[in-house]
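Working through the structure, step by step
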Amino acid sequence: DGIRDLVRSRGLGDVYKRQIVSRSSSILAVASFAAEAHSHQTRQGGAAYIGHPLRVASRLADLGMCTDVVAAALLHDVIEDTDRTEEDIAILLDTQLLPRSVLEIVKEVSEDQTVPKYVKKHQAYKKFESMSIDALLVKLADTCDNLSWDQIPQRWHKPNGKGICYRDTQLI
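This report concerns the structure included in the present document.

Rules of the game
- Residues numbered from 1 in each chain as written.
- Predicted model: local features only at pLDDT ≥ 70, side-chain atom pairs only at ≥ 80, totals over all residues.
- Heavy atoms only, no water.
- Core = buried A, V, L, I, M, F, W, Y, C linked by side-chain atoms within 4.5 Å.
- Buried < 20%, exposed > 50% of the residue type's maximum accessible area, 1.4 Å probe, protein only.
- Helix = DSSP H or I, 4+ residues; strand = E, 2+ residues; numbered from the N terminus.
- Contact = heavy atoms within 4.5 Å.
- Salt bridge = Lys/Arg side-chain N within 4 Å of Asp/Glu carboxyl O.
- Expected span 1.5 Å × (residues − 1).

**Remarks on the nonpolar core**
Among the nonpolar cores identified, the biggest contains 35 residues, and Val 30, Leu 60, Leu 74, Leu 75, Val 78, Ile 89 and Val 138 are the most heavily contacted of them. For this core, the secondary structure elements donating two or more residues are helix 2 (21–37), helix 3 (51–62), helix 4 (67–75), helix 6 (86–95), helix 7 (101–109) and helix 9 (133–146). Setting aside residues up to four positions removed in sequence, Ile 89 forms contacts with Phe 33, Leu 75, Val 78, Ile 79, Leu 103 and Val 106.

**Here's the deal with the pattern of salt bridges**
Applying the stated criterion to the full structure yields 6 salt bridges. In this structure, Asp 145 engages Arg 55 in a salt bridge whose closest nitrogen and oxygen atoms are separated by 2.6 Å. You can see Asp 145 sitting in helix 9 and its partner Arg 55 sitting in helix 3, a full 90 residues away along the chain. By relative accessible area, Asp 145 is classed as buried at 5%. For Arg 55, a relative accessible area of 31% gives the class partly exposed. When the shortest N-O distance is used, the salt bridge between Arg 84 and Asp 83 registers 2.6 Å. Overall, the relative accessible area of 63% leaves Asp 83 in the exposed class. Counted as one network, the salt bridges with shared partners bring together Glu 36, Asp 83 and Arg 84.

**Notes on helix 3**
Taking 1.5 Å per residue, 12 residues should reach 16 Å; helix 3 reaches 16 Å between its end C-alpha atoms and fits that length. Of all 12 residues that make up helix 3, 10 are buried, and the element is covered over most of its length. Along helix 3, the positions that sit buried rather than exposed are Gly 51, His 52, Pro 53, Leu 54, Val 56, Ala 57, Ser 58, Arg 59, Leu 60 and Ala 61. Phi turns positive, to about 85 degrees, at Gly 64, one or two residues after helix 3.

**Focus on the environment of His 38**
Tracing the chain through its elements places His 38 in the loop between helix 2 and helix 3. With near-sequence residues (within four places) excluded, His 38 lies in contact with Tyr 49, Ile 50, Pro 53, Asp 77, Val 78, Asp 81 and Thr 82.

Structure follows, in structure tokens:
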């Protein structure tokens with residue numbers, strides 16, 4: 001129950017409510033796994049990192065995406081940003097009776113952290129050409145969350161309201 005309260009307090013409550021009852025425990029298990037994996041990370045503003053994948057998952061659930069896409073959204077940064085491996089995710093999916101296609105989506109949106117940033121970005125652009133629609137949706141929701149107003153560094157906000165404004169990304 002503790003993780004259920006944590007997940008709901010971080011914004012996944014709506015996702016939880018919209019999922020098929022038989023899959024809701026799987027979504028909670030995936031959210032718990034992601035929360036544990038990201039437990040020592042924070043965003044630039046100091047907020048717990050897990051809020052980001054929860055918002056991405058919630059956005060996709062709001063669009064009516066299936067449980068598998070929502071699960072992939074929860075896990076989308078695990079491989080590239082934590083010490084968890086593809087095998088760890090595969091074991092989680094197997095124990096929760098979720099398809100391995102969830103892992104394929106996660107792998108599609110993950111960047112290779114072993115190469116320089118300029119190579120990584122070039123590789124990411126090339127991947128768009130062959131990404132599945134599910135992976136593209138996760139990547140788009142991820143990008144929208146990263147560009148939301150409250151994620152933009154405060155130093156970029158201008159008091160007269162004429163500064164950088166990404167508020168429109170909230171509509172996507």
